[in-house]
Amino acid sequence: MTIGKRILVSIAWFMLMIVVGIGGVFWIVSETQNNTERTQRSGVLGTGLGCLGGVGFAVLWLPFAYRLGKQKRAERERAANEKSRSNRNSGRTPSAVGKRRKAKSGSRSRRRRK
């Protein structure tokens, strides 16, 4: 499924949740007489629709995010492998192998050697 289709399905899912919520509120208002009971039922309806909507969006978008992340990790690993390969090939030349950096006077490395 392409990203455009996922967006359209997300919009449709969101609209369905809105319609079900409005229908549920009208049903609750028409059926119950007590205001306290209406408030409690509306709260339960809102919580249930929120959870259902979240699960629906997760089912829709998490596989896409997993595949995208897997692709990005593979690209990063491939780039790191190419970089390490190029570093090995352009490494130290034979003339630079025997040379060392001179330590400054009073540096710790010189003190430890004494």
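Residues numbered from 1 in each chain as written. Predicted model: local features only at pLDDT ≥ 70, side-chain atom pairs only at ≥ 80, totals over all residues. Heavy atoms only, no water.

1. Focus: the overall build of the protein
Worth spelling out the cut-off: Numbering of helices and strands runs from the N terminus; a helix is a DSSP stretch of H or I covering at least four residues, while a strand is a stretch of E covering at least two. Exposure categories follow from relative accessible area, calculated using a 1.4 Å probe and restricted to protein chains: below 20% of the type maximum is buried, above 50% is exposed, and the middle band is partly exposed. Contacts between residues were defined by any pair of non-hydrogen atoms, one from each residue, lying within 4.5 Å.
From N to C terminus, the protein includes 4 helices and 0 strands. Secondary structure elements in the protein, listed N-terminal to C-terminal, are α-α-α-α. Burial statistics for the protein: of 114 residues in total, 10% are counted as buried. Of the contacts formed within the protein by residues at least 6 apart in sequence, a portion of 66% connects residues at least 24 apart.

2. Quick look at helix H1 (residues 3-31)
The following threshold applies: Expected helix span is given by 1.5 Å per residue-to-residue step, counting one fewer step than there are residues.
Here H1 is 29 residues long and its end C-alpha atoms lie 42 Å apart, about the 42 Å a rise of 1.5 Å per residue gives. Of all the residues in H1, the buried ones are Arg6, Ser10, Met17, Gly21, Gly24 and Ile28.

3. Section: the packing of aromatic side chains
Put simply, the rule is: The aromatic pairing rule takes the rings of Phe, Tyr and Trp, using the six-membered ring of Trp, and pairs them if the centres are within 6.5 Å, calling planes under 30 degrees apart stacked, those over 60 edge-to-face and the rest tilted.
Summed over all chains, the structure comprises 1 aromatic pair. Between the aromatic rings of tryptophan 61 and phenylalanine 64, the centroid separation amounts to 5.7 Å while the plane-to-plane angle is 80°, which identifies the pairing as edge-to-face. With tryptophan 61 and phenylalanine 64 both in helix H2 (residues 35-89), this residue pair falls 3 residues apart, about one helical turn. The exposure class assigned to tryptophan 61 is partly exposed, which follows from its relative accessible area of 26%.

4. Regarding the pattern of salt bridges
Working definition: two side chains of opposite charge can pair if their charged atoms are close together. The following threshold applies: We count a salt bridge whenever a side-chain nitrogen from Lys or Arg sits within 4 Å of a carboxyl oxygen from Asp or Glu.
What the rule picks out here adds up to 2 salt bridges. Of the charged contacts in the structure, one is a salt bridge between glutamate 37 and arginine 41, with a shortest N-O distance of 3.2 Å. Placement of the pair is glutamate 37 and arginine 41 together in helix H2, with a separation of 4 residues, close to one helical turn. On the basis of relative accessibility, which here comes to 30%, the residue arginine 41 falls in the partly exposed class. One network of salt bridges, in which partners are shared, links Glu31, Glu37 and Arg41.

5. Things to note about a positive patch on the surface
Quick note on the threshold: Surface patches are drawn from residues lacking salt bridges whose relative accessible area is over 30%; two like charges belong together within 9 Å, two nonpolar side chains (Val, Leu, Ile, Met, Phe, Trp, Tyr) within 5 Å. Values of accessible area rely on a 1.4 Å probe in the Shrake-Rupley scheme; residue burial ignores everything except the protein chains shown. By the counting rule applied here, Lys and Arg register as positive and Asp and Glu as negative, while His and the ends of each chain are not counted. Where a charge sits is defined by one atom per residue type, namely NZ (Lys), CZ (Arg), CG (Asp) or CD (Glu).
Among the surface-exposed residues, Lys70, Lys72, Arg73 and Arg76 lie close enough to one another that they form a single positively charged patch. Mapped onto the elements of the fold, lysine 72 is located in helix H2.

6. Section: the side chain of arginine 6
If you trace the backbone, arginine 6 turns up in helix H1. One buried charged residue, arginine 6, remains without a salt bridge, the closest side chain of opposite sign being glutamate 75 at 17 Å. Among residues more than four places away in sequence, those in contact with arginine 6 are Met1, Leu60, Trp61, Phe64 and Arg67.

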